[in-house]
Amino acid sequence: MEPVSRSAWLTLAVVSVAVFMVAMELTIIALALPEIRAALAGTTPAALSWVVNAYSIVVAALLLLSGWLADRYGRRRIFRAGLALFALGSVAAGASTSIEMLIAARVLQAVGGSMQYPAGLALLFDAFPRSRHQTAIGTWGAMGGLAAAVGPALGAVLIAAFGWRSVFYVNVPVALTALVAGARVLPAGAQPPARARSAHGPPGPGGAAGAKVDMIGVPLASVGVGAVILGIVQGETWGWATAPTVASFAAGALLVAAFAWRSRHHPAPLFDLDLLRIRSFVLGNLGSLFFSLGFFALLVPLPSFIQEVWGWSALETGLAYSVGPMVSFLVAPQAGRLADRIGNAPLLTAGSVCGMAGLLWLVLAVSTEPSLARLLVATVLVGISAGTGFSQLVGAALRDIPPERYAMATAGRTTFFQLSVAFAIAIAFAMIGQPDGAAAQLAAYNTVWTVCAGGYFCNFVTFAFVYPRRRSRLVESQS
């Protein structure tokens, strides 16, 4: 196995700190929502939901553009610009005097976050030899799991001591530290120039010789993906068959279809559709959809079940809730090292079995009577599935991607992942609805948990029987 340089490990440290910051923000902000509503006059429940949803929509809408920018203008430059914008958005969020200002600040945070993901992963792939990519991804993914584990407890402490604004201000020193360290650590010439028209096509700067990026495709992709996400996150509030929801999905589908047509015919597309000819990329993304249905449809509604049905406090829920992410944090680096030897598919297969077992345990063992022991059995099993899921799905999707397309492929993969997460969460809350009484709530959650187990089963089939075990000849020839 190829040795890893000191500069590669330092690159991993900087990129991991950034993903820790972004992931922690997502886990602690939910605890601050009640205080935000009380502090900012005129904040309605619908407006409060946009504090969360605005971030998801903007990140998903801008990932493809961010990936192209990273490939075109330098991954270090785009990554550090994303850190700066995220820090600036965090300051503005903490200083907000109205709900409108807070939502706008969250949009700015999302712009910065969308720039960090594709550029950060591409920096890792550039720094590490291909034979050690899974080790790097595993450690990177573990930092997201650690953030999810410590986020609820840290958020509770920050809010109790300093108020809701502290959950935004805590990002600033972290972002600035990564920004300064990145200037010293991250390689300046981090990637080969984006010269291929496609993953398999002839060279040429940005596509055909001298071609400029498809500026019509940029808004088509961004607005189209944003419209789909908007329909997903607002479907339950608006009603799934209402005109606004149907219009959002229809507009999104038309814009994405137009974007696909432009990408096929433009000499310098924002997303190279030839990447879809790589079987591992397509199946890795399909696995992300199944995993999201299994994991996020459980993860997001579960605290509501614990508090509303079992009657636990927010602090008790947060501490119990953190066990699964902590298990994921411990498992992910080991899974990454193992994946360098045996590949992603066996680990994803085993993780899917653990996920199925955890969800079926919830269905069979959990009742309206509180039981920490029964909850922990499920959360530990699902934590193992996450530790062998998040990072391994990234590795499975990007395994055969040519180096000059790392950022573009990462952006496309993360966009699809964001769509899958939003879809899974929306489906879960739609199935739960507003049941009357503890028994009815348990029945509704049992339905959700059964569907989650089905998602893990589909992932099991995908990676046990369908995903290719051998790398494509194209990648083997370039390694």
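This section reports on the structure supplied with the text. Quick caveat, the model's predicted, so the values are computed rather than measured.

### Here's the deal with the overall build of the protein chain
Regarding its fold elements, the protein chain presents 19 helices and zero strands. Taking 479 residues into account, the globule formula puts the C-alpha radius of gyration at 23 Å, and the protein chain, at 21 Å, falls close to it. Its C-alpha atoms give the protein chain principal-axis dimensions of about 65 × 50 × 45 Å. Looking at the protein chain as a whole, 56% of its 479 residues qualify as buried. Across the protein chain, the fraction of contacts at a sequence separation of at least 24, relative to all contacts at a separation of at least 6, is 83%.

### Details of the nonpolar core
Ranked by size, the top nonpolar core spans 81 residues in total, and within it Ile 36, Phe 79, Leu 102, Trp 140 and Phe 281 carry the most contacts. Top contributing element to this core by residue count: helix H1 (residues 6-39), with 16 residues. The contact partners of Leu 102, leaving out residues within four places of it in the chain, are Ile 36, Leu 40, Val 51, Ala 93, Ser 96, Trp 164 and Phe 168. The next biggest cluster of nonpolar side chains, apart from the first, holds 40 residues, and it includes Phe 295, Leu 348, Trp 449 and Cys 452.

### Things to note about the packing of helix H14 (residues 344-365) against helix H15 (residues 372-387)
Viewed as axis vectors pointing N to C, H14 and H15 meet at an angle of 160°, and their least axial separation amounts to 7 Å. On the basis of the axis angle, H14 is roughly antiparallel to H15. Two packed elements cross with a definite hand, and for H14 against H15 that hand is left-handed. For the pair formed by H14 and H15, the contact residues are Gly 351, Cys 354, Gly 355, Ala 357, Gly 358, Leu 359, Trp 361, Leu 362 and Ala 365 on the first element and Arg 374, Val 377, Ala 378, Leu 381, Val 382, Ile 384 and Ser 385 on the second. Residues of the contact of H14 with H15, tallied by class, amount to 11 nonpolar, four polar and one charged.

### Topic: the environment of Ala 335
Along the polypeptide, Ala 335 turns up in helix H13 (residues 323-342). Note: C-alpha distance between Ala 335 and Ile 137 (198 residues apart in sequence) is 9.6 Å. Every residue in contact with Ala 335, bar those within four places of it in the chain, is listed here: Leu 347, Gly 387, Thr 388 and Gln 392.

### With respect to the packing of aromatic side chains
Evaluation of the coordinates by the stated rule reveals 22 aromatic pairs. Ring pairs connect the aromatic residues Phe 291, Phe 295, Phe 296, Phe 390, Phe 417 and Tyr 456, which therefore count as one cluster. Positioned above the aromatic ring of Phe 417 is the side chain of Arg 413, whose terminal nitrogen or guanidinium carbon lies 4.7 Å from the ring centre.

### A word on the packing of helix H10 (residues 279-299) against helix H17 (residues 406-432)
It is at 8 Å that the axes of H10 and H17 come closest, and there the two elements cross at 30°. By the angle class used here, H10 and H17 are roughly parallel. Seen from above, H10 lies across H17 with right-handed handedness. Along the contact surface, H10 presents Phe 281, Asn 285, Leu 286, Ser 288, Leu 289, Ser 292, Leu 293, Phe 296 and Ala 297, while H17 presents Ala 409, Arg 413, Phe 416, Phe 417, Ser 420, Val 421, Phe 423, Ala 424, Ile 425 and Ala 428. Of the residues that constitute the contact of H10 with H17, the class distribution is 14 nonpolar, four polar and one charged.

### Topic: H13
Taking 1.5 Å per residue as the helical rise, H13 with its 20 residues ought to reach 28 Å, and the 28 Å between its terminal C-alpha atoms agrees with that figure. Of the residues making up H13, those classed as buried are Gly 324, Pro 325, Val 327, Ser 328, Ala 332, Pro 333, Ala 335, Gly 336, Ala 339 and Asp 340. Immediately downstream of H13, the backbone of Gly 343 shows phi near 95°, a positive value.

### A word on the pattern of salt bridges
Applying the stated criterion across every chain, the model contains five salt bridges. Ionic pairing is found between Arg 75 and Asp 126, a salt bridge with its closest N-O pair at 2.6 Å. Here Arg 75 is found in helix H3 (residues 75-94), whereas its partner Asp 126 is found in helix H4 (residues 99-127), with 51 residues between them in sequence. The partner of Asp 400 in a salt bridge is Arg 399, and the shortest N-O contact between them spans 3.1 Å. Here Asp 400 and Arg 399 have matching classes, each one buried. Among the charged side chains, a salt-bridge network with shared partners connects Arg 264, Asp 274 and Arg 277.

### Side note on the side chain of Asp 272
Inspection of the secondary structure assignment puts Asp 272 in the loop between helix H9 (243-265) and H10. Judged by its relative accessible area of 1%, Asp 272 falls in the buried class. Within the structure, Asp 272 has its side chain in polar contact with the backbone nitrogen of Asp 274 (distance 3.0 Å).

### As for the environment of Leu 108
Relative to the helices and strands, Leu 108 is located in helix H4. Between the C-alpha atom of Leu 108 and that of Gly 89, which follows or precedes it by 19 residues, the distance is 5.0 Å. Leaving out residues up to four positions away in the same chain, Leu 108 has contacts with Leu 85, Leu 88 and Gly 89.

### Here's the deal with H3
The end-to-end C-alpha separation of H3 is 29 Å, in line with the 28 Å expected for 20 residues at 1.5 Å each. When we look at burial in H3, the residues that qualify are Arg 75, Ile 78, Phe 79, Gly 82, Leu 83, Phe 86, Ala 87, Gly 89, Ser 90, Ala 93 and Gly 94.

### Concerning the environment of Arg 37
Mapping Arg 37 onto the fold places it in helix H1. Taking the relative accessible area as the measure of exposure, Arg 37 reaches 42% and is therefore partly exposed. Linking Arg 37 and Gly 138, residues 101 residues apart in sequence, is a C-alpha distance of 37 Å.

Reading guide: rules and limits
- Residues numbered from 1 in each chain as written.
- Predicted model: local features only at pLDDT ≥ 70, side-chain atom pairs only at ≥ 80, totals over all residues.
- Heavy atoms only, no water.
- Helix = DSSP H or I, 4+ residues; strand = E, 2+ residues; numbered from the N terminus.
- Rg over C-alpha atoms; globule rule 2.2 N^0.38 Å.
- Buried < 20%, exposed > 50% of the residue type's maximum accessible area, 1.4 Å probe, protein only.
- Contact = heavy atoms within 4.5 Å.
- Core = buried A, V, L, I, M, F, W, Y, C linked by side-chain atoms within 4.5 Å.
- Axes fitted to C-alpha atoms, helices over the stretch in contact; angles between N-to-C directions.
- Parallel < 35°, antiparallel > 145°, perpendicular 65-115°, else oblique.
- Left-handed = near helix turned anticlockwise from the far one by under 90°.
- Nonpolar A, V, L, I, M, F, W, Y, C, P; charged D, E, K, R; others polar.
- Phe/Tyr/Trp six-rings, centres within 6.5 Å; stacked < 30°, edge-to-face > 60°.
- Lys NZ or Arg CZ within 6 Å of the ring centre and 35° of its normal.
- Expected span 1.5 Å × (residues − 1).
- Salt bridge = Lys/Arg side-chain N within 4 Å of Asp/Glu carboxyl O.
- Polar contact = N/O pair within 3.5 Å; in protein donor to acceptor, adjacent residues only side chain to side chain.

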